[in-house]
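# Descriptive structure summary
Read off the chains here:
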Amino acid sequence: MITPIGQKIEYDIKTYRNHRKEKPDASTKIKVAAGTLAGTLIPMTFIAKKQNVRLFNIKYGIKEMLLTSAGGIAGGILAGLAADKKEHRKQKLNEGVFQFMNSTVPPLTVVPILALCEKVKTLNNAPTKITGSLIGLLGGMQIAAALTNKINDPYDKVPDRKLTLKDSVANLDDAIGVLVLAKVPGTDKIPIEKTLPAIYSWCGYRAGLSN
């Protein structure tokens, strides 16, 4: 969260997760939740039809993750722009960019690492894949933050939004998408893929209520 130059504000972990200074009313929350849900379900419906499976049996690769996260975040932002105060619009758009980047860039950085592990026999094991995935995840979060600052503030007029430890802890839910891509042995027995729509909806909800 960007603050005026020279002004230091301490935030707790809840504020870092939600990026809200004002508490939204119940009506705004309901509208943003509905928009996010619709935004998530629309791409899921097309993907399920293409894969010829039920809605919650979708197999997620990087393309499916990008489409579903983009839909959920876009739905949350559009609903938030319509339901909330006009002075909060820029913050919502900025937070939407961050949420999308933070949901998609880390998995994109993990893909080449996992591809390398698959090709090199000595690296093709669960511990190496997990370690490589974590490195890719953390590096991807740094890249996502840098890209967000460049997109939201191309002329560097305000202080950059820094990725702090609290940001990292608050966004560890993105690691689930990485676990799906990594196909770590044992995770196929856990319905981990089924949680992705909820995670992307939550990202959209956070963006839609950000102020």
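Computed from a predicted model, the values in this text were never measured in an experiment.

Once that is clear, we can look at the overall build of the protein. Each helix and strand in the protein was counted, giving eight helices and zero strands. Put simply, the protein runs from its N terminus to its C terminus through helices and strands in the order α-α-α-α-α-α-α-α. Residues counted as buried form 44% of the 211 residues belonging to the protein. Once local pairs closer than 6 in sequence are excluded, the contacts in the protein between residues at least 24 apart make up 75%. Roughly 11700 Å² of accessible area belongs to the protein as shown, and the carbon and sulfur atoms make up 66% of that amount.

For the rest of this paragraph, the subject is the environment of A145. Structurally, the position occupied by A145 is in helix α5 (residues 126-152). Residue class for A145 comes out buried when judged on its relative accessible area of 6%. Spatially, the C-alpha atom of A145 lies 7.6 Å from that of M101, the residues being 44 residues apart in sequence.

Using the criterion set out here, one finds one salt bridge in the structure. E118 is the salt-bridge partner of K129, the closest N and O atoms lying 2.6 Å from each other. Linking K129 in helix α5 with E118 in helix α4 (residues 89-119), this pair joins segments that are eleven residues apart in sequence. Note on E118: relative accessible area 47%, which makes it partly exposed.

Okay, the packing of aromatic side chains next. Evaluation of the coordinates by the stated rule reveals one aromatic pair. Taking the centre distance of 5.6 Å and the plane angle of 25° together, the rings of W202 and Y205 count as stacked. A residue pair is termed a helical-turn pair when its members lie 3 or 4 positions apart in one helix, as W202 and Y205 do in helix α8 (residues 196-209) at three residues.

Where helix α3 (residues 62-83) contacts α8, the axes come no closer than 7 Å and their chain directions differ by 30°. Classified by the interaxial angle, the pair formed by α3 and α8 is roughly parallel. Both α3 and α8 take part in a crossing whose hand is right-handed. Where α3 abuts α8, its residues M65, T68, S69, G72, I73, G76, I77 and G80 lie against L196, Y200, C203, G204, A207 and G208.

Here is what the cut-offs are and how they apply
Residue numbering note: each chain is counted from 1, following its sequence as written. Thresholds applied to this predicted model are a pLDDT of at least 70 for local features of residues and 80 or more for the giving and counting of side-chain atom pairs; totals over whole chains, interfaces and linings are not thresholded and use all residues. Remark: hydrogens and water are excluded; side-chain values derive from all non-hydrogen atoms of the structure. The helix count covers DSSP runs of H or I at least four residues long, the strand count covers runs of E at least two residues long, and both are numbered beginning at the N terminus. We call a residue buried when its accessible area falls under 20% of the maximum for its residue type, exposed when it is over 50%, and partly exposed in between, using a 1.4 Å probe and counting protein chains only. Residue contacts are counted whenever heavy atoms from the two residues lie within 4.5 Å of one another. Calculation of accessible area relied on Shrake-Rupley with a 1.4 Å probe; when residues are assessed, cover is drawn exclusively from the protein chains displayed. For this analysis, a salt bridge means a side-chain nitrogen from Lys or Arg found within 4 Å of a carboxyl oxygen belonging to Asp or Glu. Note on aromatic contacts: the rings of Phe and Tyr and the six-membered ring of Trp form a pair at centre separations within 6.5 Å, being stacked when their planes are under 30 degrees apart, edge-to-face when over 60 apart, and tilted otherwise. Only the stretch in contact is used when a helix axis is fitted, and all axes are lines through C-alpha atoms; the angle between N-to-C directions ranges over 0 to 180 degrees. The labels follow the angle: roughly parallel below 35 degrees, roughly antiparallel above 145, roughly perpendicular from 65 to 115, and oblique for the rest. Crossing chirality is assigned from the near helix's rotation relative to the far helix, an anticlockwise turn below a right angle marking it left-handed and a clockwise turn marking it right-handed.

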